[in-house]
Amino acid sequence: MSRSFQLLIVCAALVLSSCSMGKIKTSNNRMISSHHDAARYLIQMAGENLQPGSRMIAASFADVNNLSTSSTFGRMASQQLVSQFVIEGHSFVEVLMRDNIYIDSNEGEFLLSRAVNDISNSHNAPVVLVGTYAAADDNVYVTAKLIRTTDNVIIGSYDYAVPYTRDMRNLLRPAR
């Protein structure tokens, strides 16, 4: 090979490797990658409602059949979305808020309680990440939402499914 051809190959390799720098690869695990994809979509959908560096709060995702309960899956789903939001440059305040969300099960809608608004205001976090899930025979169906706390407007919502595997059955068991 000629010297110039070798130099061209080295330059091409450097250019290709620099293109991948700065990008964080998400997991090959289907559940984790589904949650990360959901976070990216929510960021895109929320658009200007989410300013880079703005702070948010995340709640554990709730079982749609019993909105006052969650599971290991519900807690992990929320945290895995948070991981991707952080990778994308957004900040979350670490607040355990499962008991601070009021859900009107008759209406099937999320309504943010005064406590959530107080927490949101005290931490300067105007957006809350919430979600629900439902297990079926082959999949667990998940809905993730970003809600602006000042007026309870949904600024982003995304629905997706995760395969119902043996691992998933373990994660969906109620906490003991």
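As the structure is a computational prediction, the values presented were derived from the model and not from experiment. (Residues numbered from 1 in each chain as written. Predicted model: local features only at pLDDT ≥ 70, side-chain atom pairs only at ≥ 80, totals over all residues. Heavy atoms only, no water.)

Chemist: Honestly, the overall build of the chain in this entry has me stumped. Any pointers?
Modeler: Tallying secondary structure elements over the chain gives 5 helices and 8 strands in all. If you list the helices and strands of the chain from N to C, you get α-α-β-β-α-β-β-β-α-β-β-β-α. Restricting the contact set of the chain to residue pairs at least 6 apart, pairs at least 24 apart contribute 64%. When the accessible surface of the chain is totalled, it reaches about 10,500 Å², and 51% of it is carbon and sulfur. (Helix = DSSP H or I, 4+ residues; strand = E, 2+ residues; numbered from the N terminus. Contact = heavy atoms within 4.5 Å. Areas by Shrake-Rupley, 256 points an atom, 1.4 Å probe, with all protein chains shown as cover.)

Chemist: Explain the packing of aromatic side chains to me, please; I cannot follow it from the model alone.
Modeler: What describes a pair of aromatic rings is the distance from one ring centre to the other and the angle between the planes of the rings. All chains considered together, the criterion is met by 4 aromatic pairs. Seen in terms of ring centroids, phenylalanine 73 and tyrosine 133 are 5.2 Å apart; in terms of plane orientation they differ by 80°. Their pairing is edge-to-face. Pair noted here: phenylalanine 73 is in helix H3 (residues 72-87) and tyrosine 133 is in strand E6 (residues 127-135), with a separation of 60 residues, a long-range link. Here phenylalanine 73 matches tyrosine 133 in class, with each residue buried. Taken together, the aromatic side chains of Tyr41, Tyr158 and Tyr160 make up a single cluster linked through ring pairs. The ring of tyrosine 164 carries the charged tip of arginine 169 above its face, separated from the ring centre by 5.6 Å. (Phe/Tyr/Trp six-rings, centres within 6.5 Å; stacked < 30°, edge-to-face > 60°. Buried < 20%, exposed > 50% of the residue type's maximum accessible area, 1.4 Å probe, protein only. Lys NZ or Arg CZ within 6 Å of the ring centre and 35° of its normal.)

Chemist: Please explain H3 as it appears in this structure.
Modeler: Each turn of an α-helix holds 3.6 residues, which means side chains three or four residues apart point in the same direction. If you check H3, its first and last C-alpha atoms are 22 Å apart, about what 16 residues at 1.5 Å a residue would give, namely 22 Å. Three or more residues of H3 are buried, namely Phe73, Gly74, Ala77, Ser78, Gln80, Leu81, Val82, Gln84 and Phe85. For H3, the N-terminal capping position is held by serine 71, with its side-chain oxygen 3.3 Å away from the main-chain nitrogen of phenylalanine 73. Backbone geometry just downstream of H3 places glycine 89 in the positive-phi region, at approximately 100°. (Expected span 1.5 Å × (residues − 1). Polar contact = N/O pair within 3.5 Å; in protein donor to acceptor, adjacent residues only side chain to side chain.)

Chemist: What is the right way to look at the environment of serine 71 in this model?
Modeler: With respect to the element layout, serine 71 can be found in the loop between strand E2 (62-63) and H3. Along the chain, serine 71 and asparagine 170 lie 99 residues apart, while their C-alpha atoms are 9.6 Å from each other. Residues in contact with serine 71, not counting those within four places in the same chain, are Tyr133, Leu171, Leu172 and Arg173. Separated by 3.5 Å, the side chain of serine 71 and the backbone oxygen of leucine 171 make a polar contact.

Chemist: Got a minute to help me understand unusual backbone geometry in this structure?
Modeler: Most peptide bonds take the trans form, and the phi angle of most residues other than glycine is negative. Even without being glycine, asparagine 152 reaches a positive phi, approximately 60°. Inspection of the secondary structure puts asparagine 152 in the loop between strand E7 (139-148) and strand E8 (153-163). Judged by relative accessible area, asparagine 152 falls into the partly exposed class, the value being 32%.

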